[in-house]
Amino acid sequence: MADSDTELDPSLQSIVDQKSLRWIFCGGKGGVGKTTTSCSLAIQMAKARGSVLLISTDPAHNLSDAFGQKFGKDAQEVKGVPGLAAMEIDPNGSINDLIAAGGDEAQDAMGGLGGVGNMFQDMAFSIPGVDEAMSFAEVLKQVKGMEYELIIFDTAPTGHTLRFLQFPTVMEKALEKLSQLSQQFGGMIGNLVNARGGLPNGQSFEDVLARMEDLRGTIGEVNKQFKNPDLCTFIPVMIPEFLSLYETERMIQELGTYQIDTHALVVNQLLYPKMDNPCEQCNSRRKMQKKYLEQIDDLYGEDFHVVKMPLLTSEIRGVESLSKFSEMLVHPYVPPQ
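Since the model is a prediction, treat every value here as computed from it, not as a measurement.

Undergrad: Now, about the overall build of the chain: what can you tell me, with residues and values included?
TA: Check the secondary structure of the chain and you find 13 helices and eight strands. Carbon and sulfur atoms provide 49% of the accessible area of the chain, an area that totals close to 15600 Å².

Structure, rendered in structure tokens:
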């Protein structure tokens, strides 16, 4: 907490300078500029860190549109931004993709166990949030390779984002249930595997279980990292309107219950009309925005770096325009008089 008489710097420079960070989430209500913010932040972070991975977990992917470059489920270098890679994950996967994060052997086992394998799948699917957990399985593949110093998430709208942050716990529970099943039916499953001639790659069923336990360990470690403010932070993105402010406050409260750090937020699409501007709509909307900005300052001004970004007259697409926008994340925008 900051002292009551201390105003925190209205920029994300402190986050850029925090070399210990391994995870950054950008999230908020739909249509507030999350993708523009996360892409811009990723450009700044790539300047300060050796390698950065930007991941979209929003089914309505926008990274490809933002950078003008097609991305998919595999990490790909962003052209024109050294040290930055990006990928778009489809959260609607299969349970085999989840198991695959622990190794191909587990996937082969799940596919080769017939009715018992289906029982494992049914058990996993019965756990709330497991569909979204497919995104996290893809992330684990990247983490296990230790290829990137920092991972930034461009998340789905608020509700999906909050479920995403529960994924480590959800997956731990899922694998714990699978482990319990294996203890109860391990002998029978082993006999079925042997009767079918073993696993396709020659591994034993015990090896598969060991891989699954390995995956539990990896997930547990990531879960701890998410709750460590030195390693992880969440940046809410919002606009100065009632619904966005309401969702942001709800999200910040829930992040606290998940023990996830958040100490900076971005307010997008601010209007700065000149004093002699004859546009009635512009002046009226600016008046409304000022009301909500005052509330934002009252709520977060003492404890958060509140970054205020202007509504620009041109679309923010492509590396060049994103780079210009990104500069305002670290160097506060000064509106014209």
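Undergrad: Give a description of the layout of surface pockets that names residues and reports values.
TA: With a probe scaled to a water molecule rolled over the atoms, the places where space remains empty come into view. Considered as a void within the structure, the largest pocket measures approximately 490 Å³ in volume. Residue lining of the largest pocket: 24 residues in total, with G33, K34, T35, T36 and I316 positioned closest to the centre. Counting residues per element, the ones that place at least two in the lining of the largest pocket are α2 (34-48), α3 (63-67) and β7 (264-270). The element best represented in the lining of the largest pocket is α2, accounting for three residues. When the residues that make up the lining of the largest pocket are grouped by side-chain class, the tally is nine nonpolar, ten polar and five charged.

Undergrad: I'd like a description of the UniProt feature "binding site: Zn(2+)" (unreviewed entry) in the chain, backed by residues and values.
TA: UniProt feature "binding site: Zn(2+)" (unreviewed entry): in the numbering of this structure it lies at C279 and C282. Inspection of the secondary structure puts C282 in helix α12 (residues 280-300). Overall, the relative accessible area of 25% leaves C282 in the partly exposed class.

Undergrad: Explain the nonpolar core to me, and be specific about the residues and the numbers.
TA: Ranked by internal contacts, the top residues of the largest apolar core, which has 39 residues, are F67 and L84. Setting aside its immediate chain neighbours within four residues, L84 contacts A42, I43, A46, V52, L54, F67, Q76, E77 and V78. Core analysis: the next-biggest nonpolar cluster, separate from the first, contains 19 residues, I55, M87, F153 and F226 among them.

Undergrad: Got a sec to walk through the pattern of salt bridges? Specific residues and values, please.
TA: Summed over the entire model, instances satisfying the criterion amount to six salt bridges. Residue R250 is joined to E254 by a salt bridge in which the shortest nitrogen-to-oxygen separation is 3.4 Å. Residue R250 and its partner E254 are located together in helix α11 (residues 242-257), separated by four residues, close to a single helical turn. One salt bridge in this structure joins K324 and E320, with 3.8 Å as the shortest N-O distance. Of the two residues, K324 and E320 both sit in helix α13 (residues 319-330), four residues apart, roughly one turn of that helix. Here K324 matches E320 in class, with each residue exposed.

Undergrad: Tell me about α11, and name the residues and values.
TA: With 16 residues, α11 should cover 22 Å at 1.5 Å per step; its first-to-last C-alpha distance of 23 Å lies within 8% of that length. Among the residues making up α11, those that are buried are S244, L245, T248, M251, I252 and L255. Projected down its long axis, α11 carries its buried residues within an arc of 130°, all on one side. Residues of α11 that are exposed and point more than 90 degrees away from the buried face comprise L243, Y246 and T257.

Undergrad: Residue-level account of the packing of α2 against α13, with values.
TA: α13 packs onto α2 with a crossing angle of 80° between their chain directions and a minimal axis gap of 8 Å. Between α2 and α13, the angle falls in the class roughly perpendicular. Residues T36, T37, C39, S40, L41, I43, Q44 and K47 of α2 pack against V319, L322, S323, F325, S326, E327, L329 and V330 of α13. Considered class by class, the residues forming the contact of α2 with α13 number eight nonpolar, six polar and two charged.

Undergrad: Lay out the environment of R22 with the relevant residues and their values.
TA: Tracing the backbone through its elements, the reader meets R22 in the loop between α1 (13-17) and β1 (23-27). As a C-alpha pair, R22 and I151 span 129 residues in sequence and 6.0 Å in three-dimensional space.

Undergrad: So, the packing of aromatic side chains: which residues are in play, and what are the values?
TA: In total, this model carries nine aromatic pairs according to the counting rule given. Plain terms: the ring middles of F67 and F71 are 6.1 Å apart, the flat faces sit at 85° to each other, and that makes the pair edge-to-face. By the burial criterion, F67 is buried, and F71 matches it. Ring centres of Y272 and Y333 lie 5.5 Å apart, and the angle between their planes is 45°; on these two criteria the pair is classed as tilted. With Y272 in the loop between β7 and α12 and Y333 in the segment after α13, this pair connects stretches of sequence that are 61 residues apart. Look at Y272 and you get partly exposed, because its relative accessible area is 21%. Through a chain of ring-to-ring contacts, the aromatic side chains of W23, F25, F153, F226 and F234 assemble into a single cluster.

Calculation rules
- Residues numbered from 1 in each chain as written.
- Predicted model: local features only at pLDDT ≥ 70, side-chain atom pairs only at ≥ 80, totals over all residues.
- Heavy atoms only, no water.
- Helix = DSSP H or I, 4+ residues; strand = E, 2+ residues; numbered from the N terminus.
- Areas by Shrake-Rupley, 256 points an atom, 1.4 Å probe, with all protein chains shown as cover.
- 1 Å grid on protein atoms, 1.4 Å probe; cavity = no way out; pocket = protein on both sides within 12 Å on 5 of 7 lines; lining within 4 Å.
- Points joined across faces, edges and corners; volume = space filled by probe spheres on them.
- Nonpolar A, V, L, I, M, F, W, Y, C, P; charged D, E, K, R; others polar.
- UniProt positions renumbered as here; feature names shortened; annotations may be inferred.
- Buried < 20%, exposed > 50% of the residue type's maximum accessible area, 1.4 Å probe, protein only.
- Core = buried A, V, L, I, M, F, W, Y, C linked by side-chain atoms within 4.5 Å.
- Contact = heavy atoms within 4.5 Å.
- Salt bridge = Lys/Arg side-chain N within 4 Å of Asp/Glu carboxyl O.
- Expected span 1.5 Å × (residues − 1).
- Arc of directions from axis to C-beta.
- Axes fitted to C-alpha atoms, helices over the stretch in contact; angles between N-to-C directions.
- Parallel < 35°, antiparallel > 145°, perpendicular 65-115°, else oblique.
- Phe/Tyr/Trp six-rings, centres within 6.5 Å; stacked < 30°, edge-to-face > 60°.

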